[in-house]
Every structure is written in structure tokens, then in C-alpha cells.
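As a plain string of letters, each chain reads:
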Amino acid sequence: SNISSSNNDDPTTMMKKKPMTVRDWWPDSLDLRILHQDPLDARPSHVPHPSSATVAAAASAATTSFSSSTASYTSYATKFAKLDLHALRNDIYKSLTTTSHPAWPADYGHYGPLMIRLAWHSAGTYRVFDGRGGGGSANIRLPPLNSWPDNGNLDKACRYILWPIKRKYGQSISWADLIILAGNVAIESMMGESWGSVQPLWFGGGRMDAFAPEEDVNWGHEPEWLKDDRHHQQQCSSNGESSTGLEEPLGAVQMGLIYVNPEGPGGNPDILASAKDIRETFSRMGMNDMETVALIAGGHTFGKAHGAANPSKYVGREPEGASIDQMGLGWKNSFQTGRGADAITSGLEGAWTANPTKWDNGYFDLLYKYDWTQSKSPGGATQWVPNADSINANGGLDAVATVPDAHHGDVKHLPIMFTTDLALRYDPIYGPISKQFHLNPDLFTVEFKKAWYKLCHRDMGPISRHLGPYLPDETLIWQDPIPLAHYGTINANDIRNLKASIMDVIYSSKISISDLVKAAWASASTYRCTDHRGGANGGRIRLLPQKNWEVNDTTSLDRVIAVLEDIQACFNDHHKQSNSNTQVSFADLVILAGNVAIEEAARRAGHSNVRVPFVAGRTDALQSETDINSFQVLQPVTDGFRNYDGKDARPEVMLVDRAHLLSLKTPEMVVLLGGLRVLNANADASSLVGVLTDRPEALTNDFFTNLLDEYTTWSPVGDDGKVFCGVRPTGKPWKASRVDLVMGSNAQLRAISEAYASVDSSNHFVNDFVRAWTKVMMLDRFDLL
Ligand code: HEB
């Protein structure tokens, strides 16, 4: 993977490439960030704070970091469990089909298609590279997404159709769950003979709403995304690597550009080029070709496009920029009535099928029945209609104009296709899939339902986090299945015995402290709080692809796997022979071994009573339950915690990114880094970069003491400027990376480092390290919820 930040240290490029924030776009909107910044998060827990009560609270929260971070989820789960889902689904159905708000009349008397588009735009921001985005927090209610041009008029869907329901059900259903559920009800309501006649689609609840725009999302470098030419930017990739300027791993791509220009790349109706854009965009969402075709064709089986007139002439500002009396709505349309038949959303106009509120095979029937020619919507956008030959060959205009008008019962229109729709027929890969769906409607239905579930749930993590009665009845490999234990879990006595076996291999020098710490870290630290993927559970560290990742130091890891598999086999055989059904999983063992190594390292530093908390219960997945390709995106291209900087010119930026994926607070990041350095957990153990201690593998605060030593002078060595040499009055010079130095050069990080470098801090250092370590080891324990 190519990292495009190679020119990042050029300050002029950096200025230009500074990510846009909500504040940059709407400088006049009221800034509330000052009310929800939590300074406690920036403070090491042992440093006194004026308000000692809050410190005590924060400290105890940190001890129970696992339970506190999941407390709000559990409380939502409890509310959700009491919810009458059946009644809620009926209420949604009724408001989709029997109400029509005068301010936004329903097309064809059915809000279903609008609701599907809302759910899809809510979920479609998901990106596989870092797991960010997706419909999991209903951030489509908040800037910038609430104002993003492609989300035009979805504000009406929330306001007029869903708000009355949200008001009624309150906190028992989050906006995020409601939006996806409404999308499902919309599809179901148009699928069967009558409401209730179709099996409810798969649905898992458990999404929790954001109440402020996410700060962690890089909204992209494009200051212009509000402009009409925003899709064009997609083509101008900075590194020439991809047509969409894909920026791995931080940006993935500008969030404003997750969808494809319906008219074709840059507005140019080039069908095959637009297929390329579709493939790029949907693969970023984690969709393969089959899923992509199913989703687009399935989606456009419903509803219509809105372009009664030219948007730039009649449509007002987006919600975030609109005047205060608009009450959070945007895109006020001054064309005639501004709604219903006069609505303007995308500027394209028309429907794809003759039954836009019914699930059928009309989309493919028409896609293949006609040859298409370019035409203009009343709004001036390029779209396609059946060409003259097709019209003549099929009985003339009246016979071909089968599409009902959304508001005038007697009027009929020609069907339309977007450039992107034609891509499904003419692209050499999409074509055969479309053909297959056309000939086999049942297959299309099945694949659409599955792909829809994936679209809407991809960011929710393991199935154990999904709530409600409508969960899938099959195992889906993209959910990284974690098998249930069909054996007894180890007890306290077993744990004591296993720890003794691990100590034996350390004492006999078969394995080092650093090997074991690295393996545990490698195993747990793939977790990302953004989509809850990765982590130690499943024991996939011993499977492909993880076990071959360079960052995992494969020589060391292979050694650990061999040693631990021995211990595991020995333990399990012993129990089998004594007729006990207890077994230890590799996943548990690798974490336990890391903990033992840390306890031993603490002992070597003079802390003899350190206990690293351990909770058994992880299980081992099989290689066959592991989608190697889909796991590849979890591979760290840089990991500052292991001083592995890949090709990145500014690995410290990626350190912060990884810390965020691990949901660490700043002091937790600092203490973990300092501890991992003295344990020599570097990916390249021989480099000793940042290992600022004379006695590696003892859990001392030496890293901080030596880094902050005022007699040491640092200067870059080598031509890439990424390794630094620290000359000190006595002793050999230290080596360090940018990630190491930033702990002393950045004022805020230095303040924290000082708190761990001072003479009175060695206990605090060990305690805080163990706490942060335990937090990381436990991040994926949804089985304990
Ligand atoms: Fe779609 C609509 C585009 C995909 C679903 N879309 C639409 C429109 C447009 C589009 C432009 C119109 C809007 C207005 O209103 O105006 N899409 C598009 C594109 C793509 C898509 C470019 C990629 C290729 N879709 C899709 C998907 C889905 C969908 C995937 C799901 C699944 N859409 C949809 C719907 C609609 C639309 C349902 C209708 C809405 C209404 O009716 O309102």
C-alpha cells in the first residue's frame, strides 16, 4: 500500500493538505466544543487535580476501564430489550405508507424509497481501511454529513417521517438504529404481497448516537466539497496510484466523496470509467463486485430521482449554512411549490422501473430491454433514456413510457438510467453478474438482502454486540466469527499452573519477556474501536494473514507460537486424560503469557507484587473461519508502540491514530509507549531504537527519565531523518525515533512524560502501565457484556 503522506514534512504542502473541519466550512455556526472537552482525559491519574472528587472518579473509572467503556452500551441494550420492536416496526410501516406530510409529500404515496436512501447514505460512509464511518452513530444528523450535498433532502426524511417515531420511543431506540430499521421496514413493505407477509430482514440493534461531530474523522483535504465539481476532484489523485486519490490509511478517502457521480466521472458520461469509480468506492466500503451490483440495482429498483429544475438556480443553502428560522432544515427550494412534483434533490429526474414502490426485476428488465441514449433532466443533468430505435422496436413512445408520475396519477414517463446504472450492464465484470441476476430474480433477491445487511452492519463488530430478535441465522465470514467454547473454561487453579509453565520457558530462556509481550500486543492491538474488528479473541494471531505480518516480527512470533502451542497441548491432554473437559485456548494463553512476562519484568524492576488482571474465556477460530483478504486491512502499516514506522514520514501522527483506534486517552498512550520501550517490544528487537535503558526487560520508568535528561543532545542520523542519536555525557549514545522524541518535544506529551520520569513516580508508572495494558488486552471482550 502506498502512503501518500511522503511529502508531509514540506510545510507548504501540509498547510494545503490540512484536513478541513466543520469549523472551516461553517465558521459562523455556534462552537460548542469548549463545553465537552474533558481536561481530565489529558492528565495522568496520579497527578493531583484541584477537584479531587473528580480525580477519584476518573481514577476509579480507569481501573474498571473495560466496564466503564461498555456501561453505556449495556444501559442502551437494557432499554432496547424492553422495546416492543413489533409495535415499532408497525409504527414505521404506517408512517411510511399512510401519512404524507404536507411539507414533503410522499412520491407514489410511499416514503419507503426515501427511507432506503437515508439508511444507505447513513451506512455508506463506512471504510474498511480504518473502520471509521458507517451508520453506527447517526452522524448523518450532524455536520458535515447533515449538509453534504449528496445527502440533499434527507433532512426531510428525518424530520417529517422519523422524528415523530423517535419522539414516541425516546431512548429505547437510538437514531442510528431507527434509521437502519426504517430502511429495513421500507424494503420489507415493498417486497411482499402485504405488510407482514415477508420474513423480516436481518437486523441487529445496538448503535449508539453521537451528539457532537466526530473529531477523529478526517473529512478530507478538499475545501471545495460543497461545490458542484466535487466529484471531479475524485479523479485528481495526488499520487497517481488510484483514480480516487485513495489515502491510506488515515483518510481512506475524503468523506465527502464516498459515493460516485451518477452522471459519470467529473460529469463526463463515460460508462466504463464510471464503473471504475464504482468499484473503487464500493471496495472501500468492503463490498465485492457481486454485492455492489446487488446493492445498486436493488436500491434503484425503488424510488426516483428529483430534478424538476436547475438546482443552482432554485435550491438554497444546506442545513448547517441555512438561516436560523429554517430550524435545521436546508435546501429550501424556490421552484414553484418547492416540493412533490417540483422537488429538486440531485438534479437528475425520473425513475428506473414501472413500479417504483415494488420489489421486482424491473430494473434489469428495462436495463437490458432498451438501448440507451443520453438526455438531459429538466434540471440540466445528463442521464439516459431508451433510444429512438428501441422506442420504435418496442411499440412506440406510449408503449415505452411506462413509468408512473410520482404525483400525477395519469401522467407517464420514459424510464431513465444514470451513467452509473449503465455501468452495471456494460462493465466486463459487472455485466455478467447483472445478466445472472436478470435471469435469476431469486438469486438477485437473496444477494440484495445479504448485501444490504452487510452494508448496514459492517461497522458494528462481532455478532455478540448485535441486539434483538432479527439476527442472521447463518455465520457470515466477514463478521470474523468467534466460535463458542464447547469445553470448560480454565479456573484460577488452571491459571496458576499455566503461569508456572510460562515462567519455566522464560527461566529456561526458550523465550524472552520481550517475545511474549510482543506476541500479546500483536494479538490484542489490531483492535479498532471504530468498527470493533480485530483484537485477541479468536486467536487469529497464529493464523494467516496475521502471523506473517512484518510488524509482528515473525521470527519471534513463530517461536512464541511453538512454545505456547506446546504448553496448550500439554495442558489440554492432561485434562483429557483426567476426564476433565477443561481446555485452554491459544487466544487466552497468548494474553496470559504476555501478562506473566509483564509481572516478571515488574519483579525485575523491584515491584514484586504486581498482578496483571486476567479474565479467561477467549476462543480460537479456525483458518477456514478467517477471510484472509478481509483481514489484510487490519495490518498495521505503522505502529509507533512497536517503533515500526513502515514508510510513513510522520509516524507520530499514526501513533495518535492507532491510540485512537485503541480508544486510549493521551496518558494511556504515553505510559504504554514508555513501558513497551523498556520491555524492548520493538518490531525489530535488535534495533534498540527508543530502548532508553541499560536493563531492558525490566519494567522501569527509564524511558522517561532518560528521554527527558537535560544533558542529552539529540540529532538526526541517516538520510531519511527518521532515526536520531542522543549523545549523553556518560554511556553509549541512545537511538530514538520520531515517535520517541515527540514524547519529549511536544509540550503536552512532555508534561505527561515528566509525571512518569520523576523520582516519586515509579509505582505510578507500573500501575498505570498495567492498567492501560489490561485495557488493550480486554478491548474485544464483548463476550463479557
Ligand atoms: Fe441511489 C436515488 C445515485 C447507489 C438507493 N441514487 C438516487 C439518486 C441518485 C442516486 C443521484 C436520486 C436522488 C434524488 O432524489 O434526486 N445511487 C446513486 C449512485 C450510486 C447509488 C451514483 C452508486 C453507483 N442507491 C445506491 C445504492 C442504493 C441506492 C447502493 C441502496 C441499496 N438511490 C437509492 C434509492 C433512491 C436513490 C432507494 C430513491 C430515493 C427516492 O425515491 O427518494
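Please read these numbers as outputs of a predicted model, since none were measured by experiment.

So, how was this worked out
- Residues numbered from 1 in each chain as written.
- Predicted model: local features only at pLDDT ≥ 70, side-chain atom pairs only at ≥ 80, totals over all residues.
- Heavy atoms only, no water.
- Donors = N, O, S within 2.8 Å, 3.2 Å for Na, K, Ca; no water.
- Helix = DSSP H or I, 4+ residues; strand = E, 2+ residues; numbered from the N terminus.
- Near = heavy atom within 4 Å.
- Polar contact = N/O pair within 3.5 Å; in protein donor to acceptor, adjacent residues only side chain to side chain.
- Phe/Tyr/Trp six-rings, centres within 6.5 Å; stacked < 30°, edge-to-face > 60°.
- Buried < 20%, exposed > 50% of the residue type's maximum accessible area, 1.4 Å probe, protein only.
- Lys NZ or Arg CZ within 6 Å of the ring centre and 35° of its normal.
- Expected span 1.5 Å × (residues − 1).
- Bend = angle between axes of the 7 residues up to and from the residue.
- Contact = heavy atoms within 4.5 Å.
- Pairing = 2+ DSSP bridges.
- Axes fitted to C-alpha atoms, helices over the stretch in contact; angles between N-to-C directions.
- Left-handed = near helix turned anticlockwise from the far one by under 90°.
- Nonpolar A, V, L, I, M, F, W, Y, C, P; charged D, E, K, R; others polar.
- pLDDT = per-residue confidence, 0-100.

Engineer: Teacher, can you tell me more about the coordination of the iron atom of the ligand here?
Structural biologist: Tetrahedral metal sites with four donors have an ideal angle of 109.5 degrees; octahedral sites with six donors have ideal angles of 90 or 180 degrees. Coordination of the iron atom of the ligand by the protein involves just one donor, His 300 (NE2), at a distance of 2.1 Å. Structurally, His 300 can be placed in the loop between helix H11 (289-299) and strand S1 (304-305).

Engineer: Looking at this model, I keep getting lost on the site of the ligand. Mind explaining?
Structural biologist: Contacts to the ligand come from 23 residues, most closely from Val 260, His 300, Lys 304, His 306 and Ser 346. Here a nitrogen atom of the ligand and a side-chain polar atom of Trp 120 are 3.3 Å apart. Here Ser 346 contributes a side-chain N or O atom positioned 2.6 Å from an oxygen atom of the ligand. Of the residues forming the shell around the ligand, the biggest block, 5 residues, is contributed by helix H6 (residues 112-123).

Engineer: Looking at this structure, I do not really get the packing of aromatic side chains. What am I missing?
Structural biologist: Aromatic ring pairs are described here by two measures, namely the spacing of the ring centres and the angle between the planes. Counted under the stated rule, the structure contains 27 aromatic pairs. A ring pair is formed by Phe 364 and Phe 444, whose centres lie 5.0 Å apart and whose planes are at 70 degrees; its orientation type is edge-to-face. With Phe 364 in helix H13 (residues 362-369) and Phe 444 in helix H18 (residues 441-457), this residue pair connects regions lying 80 residues apart in the sequence. An identical accessibility class is assigned to Phe 364 and Phe 444; each is buried. The structure contains a cluster of three or more aromatic residues connected by ring pairs, namely Phe 302, Trp 359, Tyr 363, Phe 364, Phe 437, Phe 444, Phe 448 and Trp 452. Seen from the ring of Tyr 430, Arg 279 lies directly overhead, with NZ or CZ sitting 4.3 Å from the centre.

Engineer: What is the right way to look at helix H7 (residues 154-169) in this model?
Structural biologist: Along an α-helix, residues three or four positions apart point the same way, because every turn accommodates 3.6 residues. Look at H7: 21 Å from first C-alpha to last across 16 residues, which is about the 22 Å you get at 1.5 Å a residue. Maximal helix bending in H7 amounts to about 55 degrees, located at Leu 162; proline Pro 164 follows within four positions. Among all positions in H7, only Leu 154, Asp 155, Lys 156, Ala 157, Cys 158, Tyr 160, Ile 161, Leu 162, Ile 165, Lys 166 and Tyr 169 are buried. Buried residues along H7 sit against helix H5 (85-97), H6 and helix H8 (175-191). Among the residues trailing H7, Gly 170 stands out with phi positive, at a value near 55 degrees.

Engineer: What exactly am I supposed to notice about H18 here?
Structural biologist: The terminal C-alpha atoms of H18 lie 24 Å apart, and with 17 residues this matches the ideal 24 Å at 1.5 Å per residue to within 8%. On its buried face, H18 is in contact with H6, H8, H11, H13 and helix H17 (430-439).

Engineer: Looking at this model, I keep getting lost on the sheet that holds strand S10 (residues 723-727). Mind explaining?
Structural biologist: Backbone-to-backbone hydrogen bonds join strands into a sheet, with any given pair of strands oriented parallel or antiparallel. Strand order in the open sheet made by the 3 strands is S9-S10-S11, with antiparallel pairing throughout. Every other strand in the sheet has two partners, leaving strand S9 (713-717) and strand S11 (734-737) as the edge strands with one partner each. The mean angle between the axes of side-by-side strands here comes to 35 degrees, regardless of whether they run parallel or antiparallel. Sheet topology places S10 next to S11; 4 bridges connect them, and they run antiparallel. Counted as the bridge partner of Phe 724 is Ala 736 from S11. In this fold helix H27 (residues 738-745) packs onto S9, S10 and S11, with an angle of close to 90 degrees to the strand it touches most, S11.

Engineer: In this structure, what is going on with the packing of helix H21 (residues 554-577) against helix H22 (residues 586-604)? I would like to understand it.
Structural biologist: Helix packing for two helices is described by the angle between their axes and how far apart those axes are. Their axes nearest at 10 Å, the elements H21 and H22 cross at an angle of 115 degrees. The two elements H21 and H22 cross, and the hand of that crossing is right-handed. Of the residues in H22, those in contact with Ile 561, Leu 564, Glu 565, Ile 567 and Gln 568 of H21 are Phe 586, Leu 589, Val 590 and Ala 593. Counted by class, the contact of H21 with H22 contains 7 nonpolar, 1 polar and 1 charged residues.

Engineer: Looking at this structure, I do not really get the pairing of strand S3 (residues 372-376). What am I missing?
Structural biologist: Residues in a regular strand point their side chains to alternate faces of the sheet. Where S3 lies against strand S4 (residues 382-386), 5 bridges are found, and the strand directions are antiparallel. Opposite Trp 372, over in S4, you have Pro 386 as the bridge partner.

Engineer: For this particular structure, what's the right way to read the confidence of the model for the chain?
Structural biologist: The predicted coordinates should not be examined in detail at positions where pLDDT is low. Here the chain averages 89 in pLDDT, while 88% of its residues score no lower than 70. Low pLDDT (under 50) marks residues 226-254, which in the prediction has 78 contacts with non-local residues, meaning those over four places away or in another chain. Scored by ipTM, the complex comes to 1.00, with pTM at 0.92.

Engineer: What is the right way to read the side chain of Asn 643 from this model?
Structural biologist: Structurally, the position occupied by Asn 643 is in the loop between helix H23 (628-632) and helix H24 (651-661). Accessibility expressed as a relative area gives 18% for Asn 643, which makes it buried. A polar atom in the side chain of Asn 643 sits 3.3 Å from the side chain of Arg 677. Setting aside its immediate chain neighbours within four residues, Asn 643 contacts Arg 677, Asn 682, Val 689, Gly 690, Ser 737, Val 739 and Asp 740.

Engineer: Would you take a moment to explain unusual backbone geometry for this structure?
Structural biologist: Of all residues except glycine, most have a negative phi; of all peptide bonds, most are trans. Cis geometry marks the peptide bond from Pro 143 to Pro 144, where omega comes out at 0 degrees. Within the secondary structure layout, Pro 144 lies in the loop between H6 and H7. In this structure, the amide linkage connecting Leu 544 to the following residue, Pro 545, adopts the cis form with an omega of 0 degrees. Secondary-structure assignment places Pro 545 in the loop between helix H20 (513-524) and H21. Here Tyr 108, not a glycine, exhibits a phi torsion of approximately 50 degrees, which is positive. Phi is positive for Asp 553, close to 50 degrees, though the residue is something other than glycine. Structurally, the position occupied by Asp 553 is in the loop between H20 and H21.

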